[in-house]
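# Fold and contact review
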Amino acid sequence: VACMSQSQAALEQLRIIRSLMEKAHIYRAVSAPAALLGGVLALAVSVWPVVHAARTHGEAVFSNTTFLVLWHAILAACTLLNMGLLAREAKRRDQPLFSEGMKTALRAVSPPLIVGGVLAGGLVIWLHNLTLAAFIWVLCYGLALIAMSSFAPKSLVRLGWAFVIAGLVLFLAWAANDEVRNLRTDLGPASLVMALTFGMLHLVYAFAVFASTPKPKEVAA
């Protein structure tokens, strides 16, 4: 009986993954507007701190707490948009939003996102190191996307690898530059990291998805 239940559980898991893979093109299309919103907001929040820091040799335009609040607000806005689009698509397909497939995806992305949120929050609030917090956000977000590689669209997985590679390259460049690491405040470098990753990479991804998505006439044909 135990063997049969394990086999049934394995088959059910395979069925869920197969269903997710079949819906990959839907998730890819749905993720593009959220990526576009995230990219635009990330650049809007990051440009002024970077420019101001360059002009004043590291002076901050707002506090560490404001930095944390702004980026959590961007996360909330993108999450709400993404969930709204997923809910609309689920309603159109007459399926529940929190299906077994959604739960599987959440289980895959939760560990790196939770680790990244806790570590980065601690670095900002208690250790006052915004740049390391930014790197942790970037790397953990990339790992969360890669964690869905068995059922997510390939474009999302490539985006995850882009975040990981960009995060590691930027970290090495930052760690090797004593002058940047010893600025009076690291709001400028942290904002630059967020702009190049959450800003630029999301915009590139969104435009690539929009450009490759078939138009209604092409789909009909």
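In the block above lies the structure referred to throughout.
Presented here is a report on the structure given in the accompanying data block.

## Notes on helix α5 (residues 130–146)
- For α5, spanning 17 residues, the distance from its first C-alpha to its last is 24 Å, which sits close to the expected 24 Å at 1.5 Å a residue.
- Summarising burial for α5: 13 of the 17 residues are buried, a large majority.
- One side-chain oxygen of the residue at the start of α5 lies 3.4 Å from the amide nitrogen of Thr-131, identifying that residue as Asn-129.

## Describing the nonpolar core
- By size, the foremost hydrophobic cluster in this structure holds 41 residues, and its most contacted members are Phe-67, Trp-71, Trp-137, Met-148, Met-194 and Phe-198.
- Residue assignment for this core shows that the elements contributing at least two residues are α2 (24–56), α3 (64–92), α4 (100–127), α5, α6 (154–175) and α8 (187–212).
- The residues contacting Trp-137, other than those within four sequence positions of it, are Phe-67, Leu-68, Trp-71, His-72, Gly-116, Gly-117, Ala-120, Met-194 and Phe-198.

## So, a nonpolar patch on the surface
- A cluster of nonpolar side chains, namely Val-47, Trp-48 and Val-51, defines an oily patch on the protein surface of about 260 Å² accessible area.
- Among the structural elements, Trp-48 can be located in helix α2.
- The exposure class assigned to Trp-48 is partly exposed, which follows from its relative accessible area of 44%.

## Some details on the packing of aromatic side chains
- Under the defined criterion, the tally for this structure stands at 9 aromatic pairs.
- Here Tyr-141 and Phe-163 contribute two aromatic rings whose centre-to-centre distance is 4.8 Å and whose plane-to-plane angle is 75°, an arrangement assigned as edge-to-face. Of this pair, Tyr-141 sits in helix α5 while Phe-163 is found in helix α6, placing the two residues 22 residues apart along the sequence.
- According to the relative accessible area criterion, Tyr-141 is partly exposed, its value standing at 22%.
- The class for Phe-163 is buried, based on a relative accessible area of 0%.
- Taken together, Phe-67, Trp-71, Trp-137, Tyr-141, Phe-163 and Phe-198 form an aromatic cluster joined through their ring pairs.

## Remarks on the packing of α4 against α5
- At a minimum axis separation of 8 Å, α4 and α5 run at an interaxial angle of 175°. On the basis of their axis angle, the class for α4 and α5 is roughly antiparallel. Between α4 and α5, the contacting residues are Val-109, Pro-112, Leu-113, Gly-116, Gly-117, Leu-119, Ala-120, Leu-123 and Val-124 on the first element and Leu-130, Leu-132, Ala-133, Ile-136, Trp-137, Cys-140, Tyr-141, Leu-143 and Ala-144 on the second.
- When the residues that make up the contact of α4 with α5 are grouped by side-chain class, the tally is 16 nonpolar, 2 polar and no charged.

## Notes on the pattern of salt bridges
- Under the criterion given, the structure shown has 2 salt bridges.
- Arg-92 is the salt-bridge partner of Glu-89, the closest N and O atoms lying 2.5 Å from each other. Of the two residues, Glu-89 and Arg-92 both sit in helix α3, 3 residues apart, roughly one turn of that helix.
- Across the pair Arg-181 and Asp-178 runs a salt bridge whose closest N-O atoms are separated by 2.1 Å. With Arg-181 and Asp-178 both in helix α7 (residues 178–181) and 3 residues apart, this pair spans about one turn of that helix.

## Structural notes on the packing of α6 against α8
- Running from N to C, α6 and α8 point in directions that differ by 155°, and their axes come no closer than 11 Å. As summarised for this structure, α6 and α8 are arranged roughly antiparallel, according to the angle between their axes. Relative to α8, α6 is oriented so that their crossing is right-handed. Along its contact with α6, which presents Ser-155, Leu-156, Leu-159, Ala-162, Phe-163, Ala-166 and Leu-170, the element α8 presents Val-193, Leu-196, Thr-197, Phe-198, Leu-201, His-202 and Tyr-205.
- In terms of residue class, the contact of α6 with α8 is built from 11 nonpolar, 3 polar and no charged.

Cut-off values and rules
Residues numbered from 1 in each chain as written. Predicted model: local features only at pLDDT ≥ 70, side-chain atom pairs only at ≥ 80, totals over all residues. Heavy atoms only, no water. Helix = DSSP H or I, 4+ residues; strand = E, 2+ residues; numbered from the N terminus. Expected span 1.5 Å × (residues − 1). Buried < 20%, exposed > 50% of the residue type's maximum accessible area, 1.4 Å probe, protein only. Polar contact = N/O pair within 3.5 Å; in protein donor to acceptor, adjacent residues only side chain to side chain. Core = buried A, V, L, I, M, F, W, Y, C linked by side-chain atoms within 4.5 Å. Contact = heavy atoms within 4.5 Å. Patch = residues over 30% accessible without salt bridge, like charges linked within 9 Å, V, L, I, M, F, W, Y side chains within 5 Å. Areas by Shrake-Rupley, 256 points an atom, 1.4 Å probe, with all protein chains shown as cover. Salt bridge = Lys/Arg side-chain N within 4 Å of Asp/Glu carboxyl O. Phe/Tyr/Trp six-rings, centres within 6.5 Å; stacked < 30°, edge-to-face > 60°. Axes fitted to C-alpha atoms, helices over the stretch in contact; angles between N-to-C directions. Parallel < 35°, antiparallel > 145°, perpendicular 65-115°, else oblique. Nonpolar A, V, L, I, M, F, W, Y, C, P; charged D, E, K, R; others polar. Left-handed = near helix turned anticlockwise from the far one by under 90°.

Read these as geometric descriptors, not functional statements.
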